[in-house]
Amino acid sequence: VELFASHMNFYVDYDWQTKQNSVINKAPRKGELPLYAENASDAAHNVFGLIAFEPSLDREGDALLVAGTSSAGTQSAADFLLSGKSFAEFLHQIERKDGSIPHFELLLEAHSVGGNVPGSNIIAYRFAP
């Protein structure tokens, strides 16, 4: 994922000083935060997942990236991706008139209880340049 980070708006990071996992939002839009931080000291806390459909580094193909602020955050992103319904609804929403899907980044938030994430919500998304 780090190979793509310089091209992406959302970036999963770990702050060694605060010992906190987070997602950095490089260009927050109205209503968005510049940082989405996880509070792992609380057994029931919010986690963040990221799904990105990006051009490959050589621009000759595509790459699908799945990441999270923790194992539970990554699980929330993978579950959303594989859920069928939620991800299909998102793809339908961003589908172009010709039926193609643009490159995108999708930021998700989920509530983790003991490492389990029963569902996630879309916080924000961007179309990749």
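Residues numbered from 1 in each chain as written. Predicted model: local features only at pLDDT ≥ 70, side-chain atom pairs only at ≥ 80, totals over all residues. Heavy atoms only, no water.

Undergrad: In this structure, what is going on with the sheet that holds strand β2 (residues 20–25)? I would like to understand it.
TA: The strands making up a sheet are joined through hydrogen bonds of the backbone, oriented either antiparallel or parallel. Spatially, β1-β2-β3 is the arrangement adopted by the three strands of the open sheet, whose pairing is antiparallel. Edge strands, defined here as strands with exactly one partner in the open sheet, are β1 (10–15) and β3 (35–37). Across this sheet, the average inter-strand angle for adjacent strands is 25 degrees, counted without regard to direction. Where β1 meets β2, six bridges bridge the pair, whose relative direction is antiparallel. Its bridge partner being in β2, Asp 15 is matched across the sheet by Gln 20. (Pairing = 2+ DSSP bridges. Helix = DSSP H or I, 4+ residues; strand = E, 2+ residues; numbered from the N terminus. Axes fitted to C-alpha atoms, helices over the stretch in contact; angles between N-to-C directions.)

Undergrad: Any chance you could explain the pairing of strand β6 (residues 104–113) here in plain terms?
TA: The side chains of a regular strand alternate between the sheet's two faces. Burial within β6 is extensive, with seven of its 10 residues counted as buried. The hairpin turn running from β6 into strand β7 (residues 120–127), its antiparallel successor, is six residues long, and Gly 114 in that turn takes a positive phi close to 65 degrees. (Buried < 20%, exposed > 50% of the residue type's maximum accessible area, 1.4 Å probe, protein only.)

Undergrad: Could you clarify how one ought to interpret the packing of aromatic side chains in this entry?
TA: Both the distance between ring centres and the angle between the ring planes are used here to describe each pair of aromatic rings. Under the criterion given, the structure shown has nine aromatic pairs. Relative to Trp 16, the ring of Tyr 14 lies with its centre 4.7 Å away and its plane at 80 degrees, an arrangement referred to as edge-to-face. Ring geometry for Phe 90 against Tyr 125: centres 5.2 Å apart, planes inclined by 80 degrees, an arrangement best described as edge-to-face. Taken together, the residues span a long stretch of sequence, with Phe 90 in helix α2 (residues 85–94) and Tyr 125 in strand β7 at a distance of 35 residues. The partly exposed category is assigned to Tyr 125, whose relative accessible area is 26%. One aromatic cluster is present, built from ring pairs that chain together Phe 53, Phe 80, Phe 87, Phe 90, Phe 104, Tyr 125 and Phe 127. (Phe/Tyr/Trp six-rings, centres within 6.5 Å; stacked < 30°, edge-to-face > 60°.)

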